[in-house]
Amino acid sequence: MTAKGLFCIFAAAVCFGMMPVWAKLAYETGMDPLALIVLRTVFATIVLLVWFVLKRRPPVVPRGSRVPTLATCCLYAAMMISYFYACQDLDSGIANALYHLYPVIIAVLSVMLGKSRATLRTWLTLAIALVGFTLLANIGSAAVRAESVALILLAAVLFALYSLKLDTDKMESIDPFALTFYICVTSCVVAGGLWFANGSAPFAISAGALAYALLIALFSTVFGLAAYIEATQILGPVKASILSNAEVVITFAAGALLLSESISTESAIGCALIVAACVLACARQSKENSLESARKERTREG
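Now for a quick tour of the structure. What you see is a predicted model, and the numbers here were worked out from it, not measured in a lab.

### Observations concerning the overall build of the chain
The helix and strand inventory of the chain stands at 14 helices and 0 strands. Classification of the 302 residues of the chain by burial places 47% in the buried group. Across the chain, every contact between residues at least 6 apart in sequence was considered, and the portion connecting residues at least 24 apart equals 86%. If you sum the accessible surface of the chain, you get close to 14600 Å²; carbon and sulfur atoms cover 68% of it.

This is the structure we're talking about:
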């Protein structure tokens, strides 16, 4: 692993790990989750448009991939809404740790859909994740509400479905920056429609709220994505995905420092168990991808 690769993955982890913290700081100014999503996606869309112009690289989606792309964007928009609403009532560290159950959910869904078979590692990963979830989802405590836990789990499931959708022939050929651009546009339209339907007042947004939305747009969307893509190209997708779990620890630390969120022994152990389950799930996926690549290679040679 090169120093540049490690720097990029750590930078991506910081960018993504700070998102729930900045979201909660925005909520303290009176901002609504839907308004935050609208502003985040508007700012990110503008930045990406400038990037496309400077690179002379239009965000083109192949004709045969447009319907799957729209479905993928809608999944991500629904995930984003669930995630930001959950962050209202959950401590940022707990929210991000529970959200990071998605690699385990992907492993379970892959078994259910017949894409892989259940092994001892699958059940071990699931057991570790469930123990971690039980420790973190301490329903009834001051930091956790059942409704918010349900929303963050819904976000994790939706992101798992989104990830499985990406792992198809029609989606793999799409430029990740182009996909991010259309995700931002779709999310802006969906969240904006819901926001105005709720009768929210656009002029009630403060300068502080705008600043946090801009931070999320720049760092937790555009710069974070760019750093993660760079790290993936240098380190490989498996190592990058495993190391990116550092963002859970970063969120806990930032929440404690900036939001005065407490870190109990239970939450620390629960966080560690979920990270361990994520590492096991990513390692399992790496092995399956290697076997699938070898099978395809033998098929071509035959």
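### Side note on the packing of helix α4 (residues 66-89) against helix α10 (residues 176-197)
Their axes nearest at 8 Å, the elements α4 and α10 cross at an angle of 55°. Taken together, the axes of α4 and α10 lie oblique to each other. For the pair α4 and α10, the crossing hand works out as right-handed. Of the residues in α10, those touching α4 at Thr69, Cys73, Cys74, Tyr76, Ala77, Met80 and Ile81 are Leu179, Tyr182, Ile183, Thr186, Ser187, Val190 and Leu194. When the residues that make up the contact of α4 with α10 are grouped by side-chain class, the tally is 11 nonpolar, 3 polar and no charged.

### Here's the deal with the packing of helix α6 (residues 102-112) against helix α8 (residues 146-166)
Their axes nearest at 8 Å, the elements α6 and α8 cross at an angle of 60°. Considering their axes alone, α6 and α8 lie oblique with respect to each other. As α6 runs across α8, the sense of the crossing is right-handed. Counted together, Tyr102, Ile105, Ile106, Leu109 and Ser110 of α6 and Ala156, Val157, Phe159, Ala160, Leu161, Ser163 and Leu164 of α8 form the full contact between these two elements. Here the residues of the contact of α6 with α8 sort into 10 nonpolar, 2 polar and no charged.

### Structural notes on the side chain of Asn245
For Asn245, the position within the fold is in the loop between α12 (237-243) and α13 (246-259). Classification of Asn245 as buried rests on a relative accessible area of 5%. In this structure, Asn245 is in contact with His100, Val275, Cys278 and Val279, ignoring residues within four places of it in sequence.

### Some thoughts on the state of the cysteines
In the structure shown here, the tally under the stated rule is 0 disulfides. Looking at the unpaired Cys74, the closest cysteine sulfur is the one in Cys73, lying at 7.0 Å. With no disulfide partner, Cys184 has as its closest neighbouring cysteine sulfur the one in Cys188, 8.7 Å distant.

### Some details on helix α7 (residues 120-136)
Relative to the 24 Å expected for 17 residues at 1.5 Å per residue, α7 spans 24 Å between its end C-alpha atoms, a close match to the ideal helical length. Of the residues making up α7, those classed as buried are Thr122, Thr125, Ile128, Ala129, Gly132 and Leu136. One side of α7 holds all its buried residues, which, seen down the axis, span an arc of 135°. Turned more than 90 degrees from where α7 packs its buried face, Leu120, Trp123 and Thr134 sit exposed.

### Observations concerning α10
In a regular helix each residue adds 1.5 Å, so 22 residues correspond to 32 Å; α10 covers 31 Å between its end C-alpha atoms and thus fits that length. The N-capping residue of α10, defined by a side-chain oxygen 3.1 Å from the backbone nitrogen of Phe177, is Asp175. Backbone geometry just downstream of α10 places Gly199 in the positive-phi region, at approximately 80°.

### A closer look at the environment of Val185
Along the chain, the position of Val185 falls in helix α10. Taking the relative accessible area as the measure of exposure, Val185 reaches 31% and is therefore partly exposed. Along the chain, Val185 and Thr41 lie 144 residues apart, while their C-alpha atoms are 6.8 Å from each other.

### Description of the nonpolar core
Ranked by size, the top nonpolar core spans 69 residues in total, and within it Leu36, Met79, Tyr83, Phe84, Leu98, Tyr99 and Ile152 carry the most contacts. Filtering out sequence-adjacent residues up to four positions away, Ile152 remains in contact with Tyr83, Ala86, Leu90, Ala95, Leu98 and Tyr99. In terms of nonpolar packing, the next biggest core, distinct from the first, is built from 10 residues, Leu48, Phe52, Leu225 and Ile229 among them.

### Things to note about the environment of Arg63
Relative to the helices and strands, Arg63 resides in the loop between α3 (33-55) and α4. For the pair formed by Arg63 and Lys170, sequence separation is 107 residues and the distance between their alpha carbons is 9.9 Å.

### Topic: a nonpolar patch on the surface
A cluster of nonpolar side chains, namely Val42, Ile46, Val50 and Leu54, defines an oily patch on the protein surface of about 370 Å² accessible area. In this structure, Val50 sits in helix α3.

### Details of the packing of aromatic side chains
Under the definition given, this model contains 15 aromatic pairs. Geometrically, the ring pair formed by Trp195 and Phe196 is tilted, given 5.2 Å between the ring centres and 45° between the ring planes. Classification of Trp195 by relative accessible area gives buried; the value is 6%. Phe196 gets classed as exposed once you look at its relative accessible area, which sits at 54%. Among the aromatic side chains, those forming a connected cluster through ring pairs are Tyr76, Tyr83, Phe84, Tyr99, Tyr102, Phe159 and Tyr162.

Reading the values: the criteria
Residues numbered from 1 in each chain as written. Predicted model: local features only at pLDDT ≥ 70, side-chain atom pairs only at ≥ 80, totals over all residues. Heavy atoms only, no water. Helix = DSSP H or I, 4+ residues; strand = E, 2+ residues; numbered from the N terminus. Buried < 20%, exposed > 50% of the residue type's maximum accessible area, 1.4 Å probe, protein only. Contact = heavy atoms within 4.5 Å. Areas by Shrake-Rupley, 256 points an atom, 1.4 Å probe, with all protein chains shown as cover. Axes fitted to C-alpha atoms, helices over the stretch in contact; angles between N-to-C directions. Parallel < 35°, antiparallel > 145°, perpendicular 65-115°, else oblique. Left-handed = near helix turned anticlockwise from the far one by under 90°. Nonpolar A, V, L, I, M, F, W, Y, C, P; charged D, E, K, R; others polar. Disulfide = S-S within 2.5 Å. Expected span 1.5 Å × (residues − 1). Arc of directions from axis to C-beta. Polar contact = N/O pair within 3.5 Å; in protein donor to acceptor, adjacent residues only side chain to side chain. Core = buried A, V, L, I, M, F, W, Y, C linked by side-chain atoms within 4.5 Å. Patch = residues over 30% accessible without salt bridge, like charges linked within 9 Å, V, L, I, M, F, W, Y side chains within 5 Å. Salt bridge = Lys/Arg side-chain N within 4 Å of Asp/Glu carboxyl O. Phe/Tyr/Trp six-rings, centres within 6.5 Å; stacked < 30°, edge-to-face > 60°.

These results come straight from atomic positions and should not be treated as a statement about function.
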